[in-house]
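Structural overview
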Amino acid sequence: MVQDTTPDTVARPPAGTPTPPTTPPSPSRKRRHAWDEAPRWQIYLPLGIYLLFTLIPFYWVLLFAVRPAGSTSLVPWPMTTEHFEKVWNERSFATFFQNSLLIGLATLVTTTVVALAGGYALARFDFRLKKGFMLALLCSQFVPGALLLVPLFQIFANLRMINSLGSVIIAETVFQLPLSMILISGFIKNVPYSLEEAAWVDGCSRFTAFRIVVLPLLRPGLVAVGSFAFVHSWNHFLFALMFLSSQDKQTIPVGLNTLMGADSVDLGALAAGGVIAAVPVVIVFAFIQKWLVTGFSAGAVKG
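Reading the values: rules and limits
- Residues numbered from 1 in each chain as written.
- Predicted model: local features only at pLDDT ≥ 70, side-chain atom pairs only at ≥ 80, totals over all residues.
- Heavy atoms only, no water.
- Helix = DSSP H or I, 4+ residues; strand = E, 2+ residues; numbered from the N terminus.
- Buried < 20%, exposed > 50% of the residue type's maximum accessible area, 1.4 Å probe, protein only.
- Contact = heavy atoms within 4.5 Å.
- 1 Å grid on protein atoms, 1.4 Å probe; cavity = no way out; pocket = protein on both sides within 12 Å on 5 of 7 lines; lining within 4 Å.
- Points joined across faces, edges and corners; volume = space filled by probe spheres on them.
- Nonpolar A, V, L, I, M, F, W, Y, C, P; charged D, E, K, R; others polar.
- Axes fitted to C-alpha atoms, helices over the stretch in contact; angles between N-to-C directions.
- Parallel < 35°, antiparallel > 145°, perpendicular 65-115°, else oblique.
- Left-handed = near helix turned anticlockwise from the far one by under 90°.
- Patch = residues over 30% accessible without salt bridge, like charges linked within 9 Å, V, L, I, M, F, W, Y side chains within 5 Å.
- Areas by Shrake-Rupley, 256 points an atom, 1.4 Å probe, with all protein chains shown as cover.
- Salt bridge = Lys/Arg side-chain N within 4 Å of Asp/Glu carboxyl O.
- Phe/Tyr/Trp six-rings, centres within 6.5 Å; stacked < 30°, edge-to-face > 60°.
- Lys NZ or Arg CZ within 6 Å of the ring centre and 35° of its normal.

Let us now look at the overall build of the protein chain. Per the secondary structure count, the protein chain includes 13 helices and 0 strands. Listing every helix and strand of the protein chain by position from the N terminus yields α-α-α-α-α-α-α-α-α-α-α-α-α. Burial status across the protein chain gives 33% buried among its 303 residues. When contacts within the protein chain are restricted to residue pairs at least 6 apart in sequence, those whose partners lie at least 24 apart make up 73%.

Our next topic: the layout of surface pockets. One number sums up the size of the largest pocket: a volume of about 320 Å³. Lining the largest pocket are 18 residues, and of these S140, V143, V174, F175 and Q176 lie nearest its centre. Where the lining of the largest pocket is concerned, the elements lending two or more residues are α7 (165-189) and α10 (219-235). When residues of the lining of the largest pocket are assigned to their parent elements, the largest contribution, 7 residues, is made by α7. Each pocket or cavity is described by its volume, and for the second largest pocket that value is around 270 Å³. If you go around the second largest pocket, the residues you meet are F58, V61, L62, G274, V275, A278, V279, V281 and V282. Mapped by element, the contributors of at least two residues to the lining of the second largest pocket are α2 (41-66) and α13 (267-299). The element that contributes the greatest number of residues to the lining of the second largest pocket is α13, accounting for 6 residues. When grouped by side-chain class, the residues that make up the lining of the second largest pocket number 8 nonpolar, 1 polar and no charged.

Here the focus is the packing of helix α5 (residues 130-140) against α7. Here α5 crosses α7 at 130 degrees, and the two axes come no closer than 8 Å. In terms of orientation, α5 and α7 fall into the oblique class. The interaxial crossing formed by α5 with α7 has left-handed handedness. Across from F133, M134, L137, L138 and S140 in α5, the residues of α7 making contact are P178, M181 and I182. Residue composition of the contact of α5 with α7, by class: 7 nonpolar, 1 polar and no charged.

A contiguous nonpolar surface patch, about 670 Å² in accessible area, is contributed by W41, L45, I49, L52, F53 and I56. With respect to the helices and strands, the residue L45 is situated in helix α2. A relative accessible area of 48% means that L45 is categorised as partly exposed.

Another point: the packing of aromatic side chains. The way to describe two aromatic rings as a pair is by their centre distance and the angle between their planes. In this structure the tally under the stated criterion is 12 aromatic pairs. A centroid spacing of 5.5 Å and a plane angle of 65 degrees characterise the contact between F93 and F96, whose relative ring orientation is edge-to-face. Of this pair, F93 and F96 both sit in helix α4 (residues 93-124), 3 residues apart, which is roughly one turn of that helix. F96 matches F93 in its accessibility class, with the two residues each being buried. Grouping aromatic residues by their ring pairs yields a cluster made of F153, F156, F175, F239 and F243. Geometry around F64 places R67 over its ring, the cationic atom sitting 4.6 Å from the centre.

Right, let's talk about the pattern of salt bridges for a bit. Overall, the coordinates contain 2 salt bridges when judged by the stated rule. In this structure, E196 engages R124 in a salt bridge whose closest nitrogen and oxygen atoms are separated by 2.6 Å. Taken as a pair, E196 in helix α8 (residues 193-201) and R124 in helix α4 lie far apart in primary sequence, 72 residues in all. Each member of the pair, E196 as well as R124, carries the same accessibility label: buried.

Next up on the list: empty space enclosed by the protein. Throughout the structure, instances matching the rule amount to 1 cavity of 30 Å³ or more. Around the largest cavity, the lining residues are S100, I103, V168, E172, S233, H236, A240 and T251. Those elements that place two or more of their residues in the lining of the largest cavity are α4 and α7. The residue makeup of the lining of the largest cavity, split by class, is 3 nonpolar, 4 polar and 1 charged.

This is the structure in structure tokens:
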């Protein structure tokens, strides 16, 4: 018969033995606990101060744009639209706005289409010198546009494209492609390759599988790339200044530069032109901010 050797009572240390000290919580845990219980005013007060310093320049521009000429009031009342009417009608900002919009939309479409094709090739195919090509794309981002103005001007002059909106569209597209291709390739890598293989098994070609299966999943990435290309071409000053000579081909940034004279500056007209230039960008970001954040975060993966 097997005897039960389990003691009836739990063994205790002898009397007089000191109790081992308990481990105190780590300082990082204390800091996290203190941060979690911090009053909300300690969070919102710095954010409010930062927001205040951010909005003051915008308010100042809007104040000069809607305040009557010669007024020194800090409150835009009574409000006037004379500055907007002046720059829109007398300073040809209606034409500048149309040219900028055409260049921005054309750059958006061409950059997105070409970057989509190139990004798919980088994400799905292995070829020689692929890593070198990716490195060249990254290094191209360190080359300033001003450095290539002379060769670009010579190329467009030989092609008889000087003073043509097409020259600015091509230049903007070329400078937007490297970053756009990297973002799109990173986003395509997040789409499982098995989805395309399943479509091939069902009889789809590679292009059909890409159009039906992959392309709908790339919507945030395409929005991010397209919006980045549009905003950059909308705000870019150098290419339009160098490649466009006639006034009816100028863009919004060049038009703003014409409002600043050598001896005086019309602050009201300049502020109104700045508001006109900023409104489309603000509207674009207001509608696509959710897609923009998702697209950039999903495309920023290690290749």
